[in-house]
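Take a look at the letters that make up each chain.
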Amino acid sequence: CALQDLPYDRCIPAMLDLIHQDLFDDAADIKDAKHVEKSLVKEAKGSKSLDSLEIISRSCFFKPSMARAENATKTSAVHALVTPFIDRLRDPDVKPSTIRKVKECLNRVAVGFSSNPTTEFAEILPFVFATTAPFVDDQRGHLRINDELEEDSGDE
């Protein structure tokens, strides 16, 4: 099954763009505002973006290695779902509130992947390792970011 043969998976980047706007852009700021009147709270606070992430990750074709095998310019649906959140964590000025939102989003994506009938154990572990390795301290006290080693100073 080729990447271009999966119409649903081709729509995932567009769906993710809307979800990111809802969760992280101006729409999110308006929802989080403290001055919102109580009569508007239900509409202003309502968001189904996290539910949508779970549904999308449950419904996509889970084959992260397929993009690399077929064409280096294409990304798999799995990468399209996870990469935008990981990129937000790479921002050196990331806010704690953004980290909390990203964590919740990735948790919902993981729940969806665990219910996805196309998920295979042999695909999960390499994907999780490749995704999390850049954010893990190695044993020498260095922080790995994109295959570069940086000194992890405790002064910051």
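Remember, it's a predicted structure, so these values are computed and weren't measured experimentally.

## With respect to the pattern of salt bridges
Here comes step 1: Considering all chains together, one arrives at seven salt bridges under this definition.
Here comes step 2: Across the salt bridge formed by Arg108 and Glu54, the nearest N and O atoms sit 2.8 Å from each other. Residue Arg108 is found in helix α7 (residues 96-114), and its partner Glu54 is found in helix α4 (residues 49-59); the two are separated by 54 residues along the sequence.
Here comes step 3: In this structure Glu54 comes out as buried when scored by relative accessible area, which is 18%.
Here comes step 4: Put simply, Lys63 and Glu123 hold a salt bridge, and the shortest N to O gap is 3.2 Å.

## A short note on α7
Residues spaced three or four apart along an α-helix face the same direction, because each turn holds 3.6 residues.
Here comes step 1: Taking 1.5 Å of rise per residue, 19 residues should cover 27 Å, and α7 covers 27 Å from first to last C-alpha, within 8% of that figure.
Here comes step 2: Listing the buried residues of α7 in full gives Thr98, Val102, Cys105, Arg108, Val109, Gly112 and Phe113. Seen end-on, α7 carries its buried residues on one side only, within an arc spanning 145°. The exposed residues of α7 that point more than 90 degrees off its buried face are Pro96, Arg100, Lys103 and Ser114.

## Some thoughts on the nonpolar core
Here comes step 1: Counting 21 residues, the largest nonpolar core has Ile12, Leu53, Leu81, Val82, Phe85 and Phe113 as its most contacted members.
Here comes step 2: Looking at this core element by element, the count peaks at seven residues for helix α6 (residues 77-90).
Here comes step 3: Ignoring any residue separated from it by four or fewer positions in sequence, one finds Phe113 in contact with Ser57, Cys60, Phe62, Val78, Leu81, Val82 and Thr119.

## Details of α4
Here comes step 1: Those residues of α4 that fall on the buried side of the exposure criterion are Ser49, Leu53, Glu54, Ile56 and Ser57. Each buried residue of α4 lies within a common arc of 165° when the element is viewed along its axis, so the set occupies one face.
Here comes step 2: As for α4, its buried residues are in contact with α1 (7-24), α6 and α7.

## Structural notes on the packing of aromatic side chains
Here comes step 1: In total, this model carries three aromatic pairs according to the counting rule given.
Here comes step 2: Measuring from centroid to centroid gives 6.3 Å for Phe62 and Phe127, while their planes differ by 85°, and the two rings are edge-to-face. With Phe62 in the loop between α4 and α5 (64-70) and Phe127 in helix α8 (residues 121-132), the pair connects residues that are 65 residues apart, well separated along the chain. Across this residue pair, the class does not change: Phe62 and Phe127 are buried.

## Description of the side chain of Thr131
Here comes step 1: Along the polypeptide, Thr131 turns up in helix α8.
Here comes step 2: With relative accessibility at 17%, the residue Thr131 sits in the buried group.
Here comes step 3: Only 2.7 Å separates the side chain of Thr131 from the backbone oxygen of Phe127, close enough to count as a polar contact.
Here comes step 4: If near-sequence neighbours (up to four positions away) are discounted, Thr131 is found in contact with Val82 and Ile86.

What counts, and where the lines are drawn
Residues numbered from 1 in each chain as written. Predicted model: local features only at pLDDT ≥ 70, side-chain atom pairs only at ≥ 80, totals over all residues. Heavy atoms only, no water. Salt bridge = Lys/Arg side-chain N within 4 Å of Asp/Glu carboxyl O. Helix = DSSP H or I, 4+ residues; strand = E, 2+ residues; numbered from the N terminus. Buried < 20%, exposed > 50% of the residue type's maximum accessible area, 1.4 Å probe, protein only. Expected span 1.5 Å × (residues − 1). Arc of directions from axis to C-beta. Core = buried A, V, L, I, M, F, W, Y, C linked by side-chain atoms within 4.5 Å. Contact = heavy atoms within 4.5 Å. Phe/Tyr/Trp six-rings, centres within 6.5 Å; stacked < 30°, edge-to-face > 60°. Polar contact = N/O pair within 3.5 Å; in protein donor to acceptor, adjacent residues only side chain to side chain.

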